[in-house]
Amino acid sequence: MQEYLNRSEQLWGIVTNGLVLRLLRDSTYIRRQAYVEFDLAAILEDQHFQDFAALYRLLHRTRLPRTAAEAQDCLLEKYYQHSIEQGGRVRDRLRDGVEECLKRLANGYLRHPANLELRRRIAPDYSDPDKIKPEDLYRQLLRLVYRFLFLLVSEDRGLISPDPIYREHYGVARLRRLLDQRGAYTEHDDLWHSLRVLWKVLSDERLSSLLQVAPLNGELFAPIDLDHCAITNRELLEAFWHLAWYQETPSSPPRRVNYAALDVEELGSVYESLLEYHPHVEGFGQTPHFDL
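Predicted, not measured: the structure shown is a model, and the values here were computed from it.

(A) Representation of the side chain of Ser27 in the model. Relative to the helices and strands, Ser27 resides in the loop between β2 (20-25) and β3 (35-39). Apart from the residues within four sequence positions on either side, Ser27 is in contact with Gln2, Asn6 and Ala34.

This is the structure we're talking about:
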């Protein structure tokens, strides 16, 4: 059906085996899913009313085109185009969220009392070979944030581990649950230590097998200076909020970012836009302040 839609003038198609139903659209992306799927058996047997309501509203006859010529103007196509526009807005807001997360993480590290060595090495009068320049700190922050983004996408797609212990106690997605718990915003740093354990699990074959995780051997999880620093739970969660949620306007209600639907190209475009910034650190007389 997908090949037929891609090669013909038809825009939409439906396939079903009686138990599962898929709505497909003409798509140039052969390598990624281009359909919406409904499990009819589960909807009826388990009484998933919300899923049935979505199916009814999406696939009612009034939503579908009567002819190929009407496909561009049918309600289904309008829904689709609206989702693309919304996806573009999410990408723009995600870029803003990543920028805000970077700055909050940087200043969280610079403020923490335990990070005296970090503040010493980034000071302008420090001249030893292990000096950390603002550009070096920025590159480390980018790598750290993209660890979060990589795991949010992978975990939301169920690609990291099927082990419930990983999901409940090790995965990055668990931080979403803590964002709504005011008691989690403490001055302790146990959340950061748990993330350091996660980086180790993801890069060590001996540990990854314990949680049914495939070891990730790329440079994304290679050690960085920030891995040896500390940040409070409050600073970490306030920074992470800007990755988990976005606002279309300052007065709009927060919306959760659907990382399972984000494409690699979208994350890449966010990364490229961040390379245009120039980091700087000021205020060494008291607590240094990082900005872009």
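Continuing now.
(B) Representation of the sheet that holds β3 within the structure. Reading across the sheet, the three strands line up as β1-β2-β3 and stay open at both edges, with antiparallel pairing between neighbours. Two strands close off the open sheet at either side, each with one partner strand: β1 (12-16) and β3. Averaged over all pairs of adjacent strands, the angle between strand axes in this sheet comes to 15°, irrespective of strand direction. As paired strands, β2 and β3 are joined by five bridges and run antiparallel to one another. Opposite Leu21, over in β3, you have Phe38 as the bridge partner. Against the sheet, helix α3 (residues 49-59) contacts β1, β2 and β3, and its axis sits at roughly 135° relative to β3.

(C) Examining the packing of helix α6 (residues 134-156) against helix α11 (residues 233-244) more closely. At a minimum axis separation of 11 Å, α6 and α11 run at an interaxial angle of 55°. Classified by the angle between their axes, α6 and α11 sit oblique to one another. Every pair of crossing elements has a handedness; the one defined by α6 and α11 is right-handed. In contact with Val145, Phe148, Leu149 and Leu152 of α6, α11 contributes Leu236, Phe240 and Leu243. Along the lines of polarity and charge, the residues of the contact of α6 with α11 split into seven nonpolar, no polar and no charged.

(D) Expanded view of the environment of Val20. Structurally, Val20 is set in strand β2. Relative accessible area serves as the criterion here: at 25%, Val20 is assigned to the partly exposed category.

Here is what the cut-offs are and how they apply
Residues numbered from 1 in each chain as written. Predicted model: local features only at pLDDT ≥ 70, side-chain atom pairs only at ≥ 80, totals over all residues. Heavy atoms only, no water. Helix = DSSP H or I, 4+ residues; strand = E, 2+ residues; numbered from the N terminus. Contact = heavy atoms within 4.5 Å. Pairing = 2+ DSSP bridges. Axes fitted to C-alpha atoms, helices over the stretch in contact; angles between N-to-C directions. Parallel < 35°, antiparallel > 145°, perpendicular 65-115°, else oblique. Left-handed = near helix turned anticlockwise from the far one by under 90°. Nonpolar A, V, L, I, M, F, W, Y, C, P; charged D, E, K, R; others polar. Buried < 20%, exposed > 50% of the residue type's maximum accessible area, 1.4 Å probe, protein only.

The quantities given are spatial measurements derived from coordinates; they are silent on function.
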